[in-house]
Amino acid sequence: MDPFDAGAGGILRQPKAVWATAGASVVAFMGIGLVDPILPSIAKGLDASAGQVSLLFTSYFLITALAMLVTGFVSSRIGGRKTLLLGLAFVVVFAGLAGTSDTVGQLVGYRAGWGLGNALFVSTALAVIVGAADGGSAAAILLYESALGLGMACGPLLGALLGDASWRYPFFGTAFLMAIGFLCITVFLKEQPRPARKTSLLDPIRALGHGGLASAAVSAFFYNYTFFTVLAFTPFVLNMTPYKSGAVFFAWGVLLAVFSVLVAPRMQRRFGSLKVLGGSLVLLAADVLVLGYGNHTAAIVCTILSGAFIGVNNTVYTELALGVSDAPRPVASAGYNFVRWFAAAAAPYFAPKIEEWTDVHVPFVVAAVTALLGAVVVVVRRRALTHDAEELEPKHASEDSVTVFAN
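Computed from a predicted model, the values in this text were never measured in an experiment. Numbers given to residues run from 1 along each chain, matching the order in which its sequence is written. Only residues with pLDDT of 70 or above have their local features reported here, since the model is predicted, and side-chain atom pairs are shown and tallied only from 80 upward, although totals for entire chains, interfaces and linings are computed over all residues. Side-chain measures were taken over the full set of non-hydrogen atoms in the model, leaving aside hydrogen atoms and water.

A. Geometry of the packing of aromatic side chains. Classification of ring pairs uses Phe, Tyr and Trp, with its six-membered ring standing for Trp, and accepts pairs whose centres are within 6.5 Å; under 30 degrees between planes counts as stacked, over 60 as edge-to-face, and the remaining range as tilted. Summed over the entire model, instances satisfying the criterion amount to 18 aromatic pairs. Considering the side-chain rings of Phe 233 and Phe 364, the 5.6 Å spacing of their centres and the 50 degrees angle between planes classify their relative orientation as tilted. On the criterion of sequence distance, the pair formed by Phe 233 in helix 9 (residues 211-238) and Phe 364 in helix 14 (residues 362-380) is long-range, its members being 131 residues apart. Owing to a relative accessible area of 1%, Phe 233 belongs among the buried residues under this scheme. The class for Phe 364 is buried, based on a relative accessible area of 1%. Positioned above the aromatic ring of Phe 73 is the side chain of Arg 77, whose terminal nitrogen or guanidinium carbon lies 3.7 Å from the ring centre. Counting as a charge over the ring demands two things of the Lys NZ or Arg CZ atom: a distance within 6 Å of the ring centre and an angle within 35 degrees of the ring normal. Against the face of Phe 57 rests Arg 111, its NZ or CZ located 5.9 Å from the ring centre. Working definition: helices are DSSP H or I runs of at least four residues, strands are E runs of at least two. Numbering for both runs from the N terminus. Here's how the labels work: a residue is buried when its accessible area is under 20% of the maximum for its type, exposed when over 50%, partly exposed in between, all with a 1.4 Å probe on protein chains only.

B. Region of the structure containing the pattern of salt bridges. For this analysis, a salt bridge means a side-chain nitrogen from Lys or Arg found within 4 Å of a carboxyl oxygen belonging to Asp or Glu. Evaluated as defined, the whole model comprises one salt bridge. A salt bridge links Arg 206 to Asp 203; its shortest N-O distance comes to 3.0 Å. Linking Arg 206 with Asp 203, this pair stays in helix 8 (residues 203-207), spanning three residues, or about one helical turn. With a relative accessible area of 54%, Arg 206 lands in the exposed category.

C. Region of the structure containing unusual backbone geometry. Notably, Asp 47 is not glycine yet its phi reads approximately 50 degrees, a positive angle. Along the chain, Asp 47 falls in the loop between helix 2 (39-45) and helix 3 (50-78). The phi dihedral of Asn 239 falls on the positive side, at around 50 degrees, and the residue is not glycine. Summarising the element assignment, Asn 239 is placed in the loop between helix 9 and helix 10 (242-271). Its relative accessible area of 59% is what places Asn 239 among the exposed residues.

D. Summary view of the nonpolar core. Only buried Ala, Val, Leu, Ile, Met, Phe, Trp, Tyr and Cys residues count toward a nonpolar core, and they belong to the same one when joined by side-chain atoms within 4.5 Å. Within the largest apolar cluster, 118 residues are counted, with the highest numbers of intra-cluster contacts made by Ile 42, Phe 61, Phe 121, Phe 171, Ile 185, Phe 228 and Trp 252. Ranked by residues supplied to this core, first place goes to helix 9 with 14 residues.

What follows is the structure, given as structure tokens:
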């Protein structure tokens, strides 16, 4: 069945519960890149350094990483609907409080609470969408992946539009949109059956005992350092107005979405997952080197272009993480994300520090090296990353084809 078919079970013919959850997912993913175009404005408004403001990402993703051990534990006990609502409530409260911050310390703390809410929400949203969808998982997963791409693209744009008036407005805007999502899920989503087996806090850690899953997580850790150097540090290098910076990262997000949902599966069919991943990581390393050493125009072009490589990597890493081991998918995903999100927390902290210790070019050299290290892990651990002694193939319209930001 074509998931784009407007008939029963197609992406356009889903229950209101699915659309409500997908709509809230868009806003949740918007929160990741929302602060990108307004980082310089926040630094100016709160009289903070680039390193201090970059902690907005560090606190957010550090809590997200730790929350990966908790989300399955919570959702398997209180159910998917209540977990979604709990996560949304956290985001509404802490995003709203973030807009009232008088110091960068307050803002970083509120952003950490926001990260906990977002982790609870996005880790549960995919399972809820698949469970509530009509016509199997294919259309539901495509809808969720589309929500991710749309959110990653529109986050910087919303941040720019609202942030041009005040850096506080994007936070208030997110709280308002998430409150609408909370109401929609309350009205349209019924509670779904709870898992037969409750997830323990240590299950994700135990899952990392599998060599293939551990290899995917380590490679993704290095890759995520590169990814979030681009996302969190580049706005200071570009030094543009919120509108211009928002436009750059909107184009970046569009490429990320297109290459994640449409291009990556076709490349995997032709070349195989591991070759595509290794090649994309090498190209990303070259891209960030040019970003760091090129002129302003080259930096803009390479920032946008990095979205294509990041989109491909996100899709392939997810399939590896969820298909390479025999652990239940939610548990495998939680263990994998527990490792890789630590790099998302580290990069925004270390990139400005490295600039202070050296110069503005070196953070991108480090980011290029980490991308190459990710590729080295893929090559060296190729056998461990192979499922049933064969190259992993993309699982079209299957439950393995989920977004890297899931669970």
